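# Notes for the structure review
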Number of protein chains: 2
Amino acid sequence: MFISCVPGKNDILETYSRIRDKVHKTPVMTSAAINRMSGCKIYFKCENLQKVGAFKARGATNAAFSLKSDQREKGIATHSSGNHAQALAYAAALLEIKAYVIMPRNAPAVKVNAVKSYGGQIIFCDPTLEAREKELSRIVDKTGAYFIHPYNDYDVIAGQATAAYELFSEVPDLDMIITPVGGGGLLSGTSLARNYFSIHTKVFAAEPRGAGDAYLSLQEGRIMPSEKPVTIADGLLTSLGTRTFPIIRDNVEKIILVSDEEIVEAMKLIWERMKIIVEPSASVTLAAVLKEKILFSKSKLGIILSGGNVDINKLPF
Amino acid sequence: MFISCVPGKNDILETYSRIRDKVHKTPVMTSAAINRMSGCKIYFKCENLQKVGAFKARGATNAAFSLKSDQREKGIATHSSGNHAQALAYAAALLEIKAYVIMPRNAPAVKVNAVKSYGGQIIFCDPTLEAREKELSRIVDKTGAYFIHPYNDYDVIAGQATAAYELFSEVPDLDMIITPVGGGGLLSGTSLARNYFSIHTKVFAAEPRGAGDAYLSLQEGRIMPSEKPVTIADGLLTSLGTRTFPIIRDNVEKIILVSDEEIVEAMKLIWERMKIIVEPSASVTLAAVLKEKILFSKSKLGIILSGGNVDINKLPF
C-alpha cells in the first residue's frame, strides 16, 4: 500500500510493475544535429509521447492504483489545471471511478477540454490558490473522493521515478541526467532512481528564471515559495513541497536558470530537428544544456522531455 | 549492383542490410484517441522521425551506396526542392562525396537551408521543370555527378520498401496498409514489401484532390501527368513514373482523394494527439481513413507517416 516515507529501491520496482501495463514505455531519441550543437551526447526520454502527453501519467496512475478499493470507490480529486489533472482523469478512467478536478474559472479551453476528454469532472472556482483549496476541501467532504497531490506525495514521486528508471535501463552509464523542476515530483523521483539504479550519474535540473523558487530554495537551504512567477513554462509555476525538497537538496548538483527566450529557442530546436512536440516546460532542460555547454561538454547526458501539451493554435513562434 | 528490373524479395532484403545502419529503424506508434475516432486499430510507422525527417533517406541512401566507387566519386545530383534533396545530401555526406541539388530560385529558405545543413551544394535555376532538367543536364555533364531520380529508380523504390518491411516485421497480420502517393516511390515500394512479406495485407493510397493524377492514372490505365497541381501537400505534386506506375496499377486497391481542409484537420489531430510533427503530405493518409470510415472499419491498419518537414513559422492552423 501507500509509501509512507522516502521511496526505497523496492518501492520503485513495485511501482514499475504496478503501472507498466498502464502507461507507455516511451522511446529514447537522439539527434545528431543537437549533439553537434551542444557538444555532448544526449539521450532524450520522450515523456511527451507518454499517455496524456506527460510523465504525470506515471505518478497519478501509481497513486490511484495504490488506493484500496474502499478508498478509491468514491473517486479521486485534485486541484490542478495542468498535466496532473489529465493524468488523474486518465487513471480514474482506467479504474472506472470518478475524477474531480478543481480548475480556475479562467483556465484555457484547451486544458478544460483535455480533462473532459479523459472523462474528468470539472468544478470551476475563482482563480486563486485559496479558492482552489477551499473548493477542493468542499468536494472531498461532499463526495468522499481521495485527494491526490500533484507532487508532494511519495506514491506520485515513485511513479515519476519510473521514467528515469526506464532510461537508466535502456542507456547505461549516463554521466548526467537533467529534468525540469516545478514542484519537484519528477526531479525527486529521478534523484531516487539515480540512487538505486545508476549511482554514477549526476543529477541536474533546469528552471525558468521567472519561476526560480527551486534555485533559491537550494541556495537558502529551505523551501522558498514561488511568488508571482512569470514564465512561458506554465507547468513549472509551483513551489517545492516538504517531500520533494529534502530529496532534491540531498541529490541535485545544480539548478540552472534559463530565460523564456532561451526556452522558446530550445523548444523550436526540438520541434524542427526531432519532429516531436514538446511544451515550454519540457524545453527548459535543453535550454540549460545549451547555456552551460562547458559543464555538459562531451558528457553522455539524459534529458527527460517532460511533456508535449501545448495549444498549437497559440505557439510562441 | 543496380537493380535493373522490378525489385524482388532478395533485392529488398539486400537493400535492408545495406542501409539499416545508415537510417533509423523508426518507431511504430499508436493512439487510443485516434483509434476511437477512426473505428480501426492504426499502427503509425513514424518516418517523420527518420533521418532528414522523411522516408526519402532510405531510397537515396540505398541508391547512393549501390553506386560503384568510380561512379560515385564525382558526386551525385538531383533536381528537387523537397525531402529527396535533403536525403541525397545526407547520403552524400555519409559517403563523403558531393551532392548537387538543382533548386528553383523561389524555393523557400527553409528548404534551401535544410539541404545546406547536410552539406549539399545548391544550384539555382528558373522555377520551371524545363529549366530544372536543363540545369541538371548541364551539371551532370560538367561534373560527372551521377543523377539519382527521386522515385523512378528501382534502387530508390527498394529503399522506400524497407519502411513497410520494418512495419510488417514489427506488426504482423495487418489487414491493410495506406501510404501517400506523389511520384509513387513509397507506394510502389510498399506494394512490393507487401507482396514478399505480408501477402494478406491490402494496399491503399491517399492523394490530395488538388493533385489527383495518380487517382486518374489508375482510372485511365495509363500515366496521366500532374497538371498545375494545387495543394498544401507540397510533397505530392509530382506525376507517377514508368517504373512506379505498373507496380501501383497491379497492387493498389484504391486511391482515396482528400481535400486540403481534410488534410489540415488530420495533421492537427496527429500533432495534438500524438505529439509528433508531420507535414501535410504525411497527413493525407489519416485524412483518407477518417473520410472512408466504413472501408477501414475494425481493421488492423498500417499508416506510413511519410515525413515531418514543415516550416513551423508558417503553419496552416
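Residues numbered from 1 in each chain as written. Chains lettered and ligands numbered in written order. Predicted model: local features only at pLDDT ≥ 70, side-chain atom pairs only at ≥ 80, totals over all residues.

### Here's the deal with the overall build of chain A
- Helix and strand counts for chain A stand at 14 helices and 10 strands.
- Over its C-alpha trace chain A gives a radius of gyration of 18 Å, about what one expects of a compact globule, namely 20 Å for 317 residues.
- Along the three orthogonal principal directions, the C-alpha set of chain A runs to about 55 × 40 × 40 Å.
- Going through the 317 residues of chain A one by one, you find that 56% of them count as buried.
- Contacts in chain A between residues far apart in sequence, at least 24 positions, make up 74% of those at least 6 positions apart. (Helix = DSSP H or I, 4+ residues; strand = E, 2+ residues; numbered from the N terminus. Rg over C-alpha atoms; globule rule 2.2 N^0.38 Å. Buried ≥ 20, exposed ≤ 12 C-beta atoms within 10 Å, placed from the backbone. Contact = placed C-beta atoms within 7 Å.)

### Concerning the relation of the copies chain B and chain A
- Expressed as a screw transformation, the operator carrying chain B onto chain A has a rotation angle of 180° and an axial translation of 0.0 Å, and the superposed copies differ by an RMSD of 0.0 Å. The transformation just described matches what one would write down for a two-fold rotation axis. Looking at the rotation axis and the C-alpha trace of chain B, the residue lying nearest is B:I276, at 2.1 Å. (Least-squares fit on C-alpha atoms with pLDDT ≥ 70 in both.)

### A look at the packing of helix α8 (residues 154-170) of chain A against helix α9 (residues 185-197) of chain A
All names here are of chain A.
- Two numbers describe how α8 lies on α9: the axes approach to 7 Å, and their chain directions differ by 55°. Relative to α9, α8 is oriented oblique. Along this stretch, α8 crosses α9, giving a crossing that reads as right-handed. Packed against α8, whose contacting residues are V156, I157, A158, Q160, A161, A164, Y165 and F168, the element α9 presents G185, L186, S188, G189, T190, L192, A193, R194 and F197 at the interface.
- Here the contact of α8 with α9 is built from residues that sort into 11 nonpolar, five polar and one charged. (Axes fitted to C-alpha atoms, helices over the stretch in contact; angles between N-to-C directions. Parallel < 35°, antiparallel > 145°, perpendicular 65-115°, else oblique. Left-handed = near helix turned anticlockwise from the far one by under 90°. Nonpolar A, V, L, I, M, F, W, Y, C, P; charged D, E, K, R; others polar.)

### Describing the sheet that holds strand β5 (residues 121-125) of chain B
Residues and elements named next belong to chain B.
- The parallel open sheet is built from four strands, whose spatial order is β5-β4-β3-β6. Every other strand in the sheet has two partners, leaving β5 and β6 (146-147) as the edge strands with one partner each.
- Pairing analysis gives five bridges linking strand β4 (residues 99-104) to β5, with the strands arranged parallel. Within the sheet, the bridge partner assigned to I102 lies in β5 and is I123. (Pairing = 2+ DSSP bridges.)

### Section: the nonpolar core
- If you look at the biggest cluster of nonpolar residues, it comprises 203 residues, and the most contacted ones within it are A:A60, A:L88, A:I178, B:A60, B:L88 and B:I178.
- Excluding residues that lie within four positions of it along the chain, B:I178 makes contacts with B:F204, B:A205, B:A206, B:T285, B:A288, B:V289, B:L301 and B:I303. (Core = buried A, V, L, I, M, F, W, Y, C linked by C-beta atoms within 7 Å.)

### Looking at the interface of chain B and chain A
- With 14 residues of chain B at the contact, the number on the chain A side is 14 residues.
- Of the residues contributing to the side of chain B that touches chain A, the split by class is seven nonpolar, four polar and three charged.

### Examining the domain arrangement of chain A
Residue and element names in this part refer to chain A.
- Here the domain parsing of chain A yields domain 1 (9-54 + 153-305) and domain 2 (57-147).
- If you average the C-alpha positions of domain 1 and of domain 2, the two centres end up 24 Å apart.
- Across the contact, 21 residues belong to domain 1 and 16 residues belong to domain 2.
- For the side of domain 1 that touches domain 2, the secondary-structure elements that each account for two or more residues are α1 (9-19) and α8.
- At eight residues, α8 tops the list of elements feeding residues into the side of domain 1 that touches domain 2. (Domains from an automatic or database assignment.)

### Some thoughts on the environment of B:G82
- Along the chain, the position of B:G82 falls in the loop between β3 (76-79) and α5 (83-95).
- Separated by 119 residues in the primary sequence, B:G82 and B:T201 have C-alpha atoms spaced 30 Å apart.

### Digging into the sheet that holds strand β10 (residues 300-305) of chain A
Residues and elements named next belong to chain A.
- With respect to topology, six strands assemble into an open sheet ordered β1-β2-β10-β7-β8-β9, the strand pairing being mixed. At either margin of the open sheet sits one strand with a lone partner, and together these are β1 (28-29) and β9 (252-258).
- Judged from the six bridges that link them, strand β8 (residues 202-208) and β9 form a sheet pairing that is parallel. The residue of β9 that forms the bridge with E207 is L257.
- Sitting on the sheet, helix α10 (residues 213-220) is in contact with β8 and β9, with an inclination near 140° to β9.

### Things to note about the confidence of the model for chain A
- Overall, the prediction assigns chain A a mean pLDDT of 96, with 100% of residues at 70 or greater.
- The ipTM for the predicted assembly is 0.92, set against a pTM of 0.95. (pLDDT = per-residue confidence, 0-100.)

### Examining the pairing of strand β4 (residues 99-104) of chain A
Residues and elements named next belong to chain A.
- Taken across its six residues, β4 has five buried, putting it largely inside the fold.
- Summarising the sheet, strand β3 (residues 76-79) and β4 pair through four bridges and their orientation is parallel. Bridging from a neighbouring strand, I76 pairs with A99 of β4.
- In terms of handedness, the path from β3 via helix α5 (residues 83-95) over to β4 forms a crossover that is right-handed. (Right-handed = clockwise from strand over helix to strand, strands pointing away.)

### Structural notes on the environment of B:S198
- Inspection of the secondary structure puts B:S198 in the loop between α9 (185-197) and β8 (202-208).
- Setting aside anything within four residues of it in sequence, one finds B:S198 in contact with B:F168 and B:L174.

### Description of helix α6 (residues 109-117) of chain A
All names here are of chain A.
- Residues K111, A114 and V115 constitute the buried set of α6. Viewed end-on, α6 has its buried residues packed into an arc of 95°, placing them on one side of the element. Away from the buried face of α6 by more than 90 degrees, exposed residues A109 and N113 are located.
- Buried residues in α6 make contact with α5, β4 and β5 (121-125).
- Positive backbone phi, at 85°, marks G119, one or two positions downstream of α6. (Arc of directions from axis to C-beta.)

### Thoughts on the environment of B:P180
Residue and element names in this part refer to chain B.
- Looking at the element boundaries, P180 is found in strand β7 (residues 176-180).
- Sequence spacing of P180 and T285 is 105 residues, and the spatial spacing of their C-alpha atoms is 5.9 Å.
- Setting aside anything within four residues of it in sequence, one finds P180 in contact with L186, A205, A206, L236, S281, A282, V284, T285 and S306.

### What to know about the packing of helix α3 (residues 56-66) of chain A against α5(A)
Residues and elements named next belong to chain A.
- The contact between α3 and α5 brings their axes to 8 Å, and the two run at 45°. Taken together, the axis directions place α3 and α5 in an arrangement best described as oblique. In terms of crossing hand, the pair formed by α3 and α5 is right-handed. Counting all contacts with α3, which are made through K56, A57, A60, T61 and A64, the residues of α5 involved are N83, H84, A87, L88, Y90, A91, A92 and L95.
- Its residues assigned to classes, the contact of α3 with α5 comprises nine nonpolar, three polar and one charged.

### Remarks on unusual backbone geometry
- Phi is positive for A:V52, which is not a glycine, with a value near 55°.
- Phi angles above zero are rare outside glycine, and A:E96 is one such case at about 55°.

### Looking at helix α11 (residues 244-251) of chain B
Residues and elements named next belong to chain B.
- Within the span of α11, buried status applies to T244, F245, I247 and I248. The arc that holds the buried residues of α11, viewed along the axis, is 165°, so those residues lie on one side.
- On its buried face, α11 sits against α8 (154-170), α9, α10 (213-220) and β9 (252-258).

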